Amino acid sequence: MTHLGRLYPMLDGVKLPDDLPYSQVSSWELRFLYLLGRHRLTGEDRLVELGSGGGGSTYALALGLRDSPVFDERTGRLHAYDFFHVGKGTFATERFFTAGTKPADGDSSFLDDFTERLAPFLPFLEIHAGDIWQTSDPDDTSPIEFLHIDIAKTARVFRCVSERFLTRLRPGSVVLHQDFAGPRLPWLHHSTGALLPYIEIAGPPIRSTLAFEVTRPIPEDVLRRISEDAWTLDEKLKLISAVQERIDRDHTGGIPFKSVLELAKAYVAHYEGRHRQAWSIARKLTGDEYLARTRADHFAQLRTAYEKDGGGKGGSLLTRVARKVAGR
C-alpha cells in the first residue's frame, strides 16, 4: 500500500461539519482532503489549492490542518487561488454566494462570501483572487508540498499551472487532480502519463480525483514538454494508455476510468482538428452505460464536429486538400 493509500481505510470514519460551505466536489473527496491535512501535510513547504470555488474543499483541508499535531498555524500557509467571480468563462456557479444567487446589484464576485466562510482559518490562509496568470508569481520557485488542481478547465490555464506550479514539485510532494473524470480536459491525462516514471499513484481515484505523490525528481525536459504541450497526437494517446494501465474504476466502483480516459483520447484528436479520428474513438464508447448517462453532450459535440467536417464522405474539401498537401 502506498503512503497516501493508508488514508483510504480512514475515509468512512471522517465526520465533517454539516454546515460545510457548498462545494462541487463529493463528500468522499472532502474527507480525503481532511485526512491529508490531518495526517500527511506539514506546512513546511507551500500548500496550494488552485480553484477554491465556494470554499468547501478549502474548509475541509484547513480543518484537517488545524487538527494536525505537526502543522504550525504561525508559520504554515495554505494558498487559495480562484477567480472568485461568476460569469462566462469562470466555470463558477452562483451557489458559491451565501444566498445561493448573485446579489441584486449584479456584483459577480463571491470573494467576500468565501472570506466570511473561511474566517476560522484566516490566520494561516492566503487568498489570491483573480486570473491565475496575474495572481501567481513566475519567479516563485519555492517548493510545493501539496498541490490541489481544480482550476485547469482550459489549456491556457493548465499551461500556467504547469509552468508555475508543477515545476516546484519535489520528491514527497502530493498532487490531487480533481477533474480527472473530465474527458474534455485531456491535458490532465497525458501529462500524468508523462509523469508516471516519477510518481506513485495513491490508489483508485477518489471519485473524480486522482491522488499521487512525487517519488523521484522530475526532469526539466519533461516539465518543459508538459508546459509547452510538446507531444504529438500519437504520443499523447500512448501517454493516456499508460495511465489506463494503472487505474480502473474509482474507489466506490462508480466511475469506469478506462472508458473515461478512452473518451479523453477522442478529445485529444478533436482538439487537433482530427474529427474523423475523434468520432471513430468515441463511437465505440456510446454503449458504455456510465458515459451514455453522464457524457451524452460529449458524444453530441464530437459527432457534430465529425459531420461538419464531412462525415463519412472523407471530410470537407478543405480538410481533404490540407491532408493531401500534408501527405496524410
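Note that the coordinates shown come from a computational prediction; the quantities given were computed from them, not determined experimentally.

Definitions and limits used
Residues numbered from 1 in each chain as written. Predicted model: local features only at pLDDT ≥ 70, side-chain atom pairs only at ≥ 80, totals over all residues. Heavy atoms only, no water. pLDDT = per-residue confidence, 0-100. Contact = heavy atoms within 4.5 Å. Phe/Tyr/Trp six-rings, centres within 6.5 Å; stacked < 30°, edge-to-face > 60°. Helix = DSSP H or I, 4+ residues; strand = E, 2+ residues; numbered from the N terminus. Buried < 20%, exposed > 50% of the residue type's maximum accessible area, 1.4 Å probe, protein only. Polar contact = N/O pair within 3.5 Å; in protein donor to acceptor, adjacent residues only side chain to side chain. Core = buried A, V, L, I, M, F, W, Y, C linked by side-chain atoms within 4.5 Å.

A few points about the confidence of the model for the protein
- Per-residue pLDDT for the protein has a mean of 94; in total, 95% of the residues score no lower than 70.
- In this model residues 314–318 is a low-confidence stretch, pLDDT under 50, and it forms eight contacts with partners more than four residues away in sequence or in other chains.
- Per-residue pLDDT stays below 50 along residues 320–328; that stretch engages in ten contacts with residues further than four places along the chain or on separate chains.

Some details on the packing of aromatic side chains
- Scanning the model with the defined rule gives 13 aromatic pairs in all.
- Between Y8 and F32, the ring centres sit 5.8 Å apart and the planes meet at 70 degrees, which makes this aromatic pair edge-to-face. Taken together, the residues Y8 in the segment before helix 1 (27–39) and F32 in helix 1 connect sequence positions 24 residues apart.
- Taken together, the aromatic side chains of Y22, F84, F96, F97, F110 and F114 make up a single cluster linked through ring pairs.

Regarding the environment of S68
- Assignment of secondary structure puts S68 in the loop between helix 2 (56–67) and strand 2 (78–82).
- Residue class for S68 comes out buried when judged on its relative accessible area of 8%.
- Sequence-wise, S68 and H39 are 29 residues apart; in three dimensions their C-alpha atoms are separated by 6.5 Å.
- Leaving out residues up to four positions away in the same chain, S68 has contacts with G37, R38 and L41.
- Of the polar contacts made by the side chain of S68, one reaches the backbone nitrogen of V70; its length is 3.1 Å.

Let's talk about the nonpolar core
- Counting 61 residues, the largest nonpolar core has L50 and L147 as the members making the most contacts within it.
- The dominant element in this core, judged by the number of residues it contributes, is helix 9 (residues 257–271), at eight residues.
- Residue contacts for L50: discarding those within four places in its chain leaves Y81, I132, L147, H148, I149, D150, I151, V161 and F165.
- Core analysis: the second largest hydrophobic core is formed by 41 residues, A60, F71, F96 and L118 among them.

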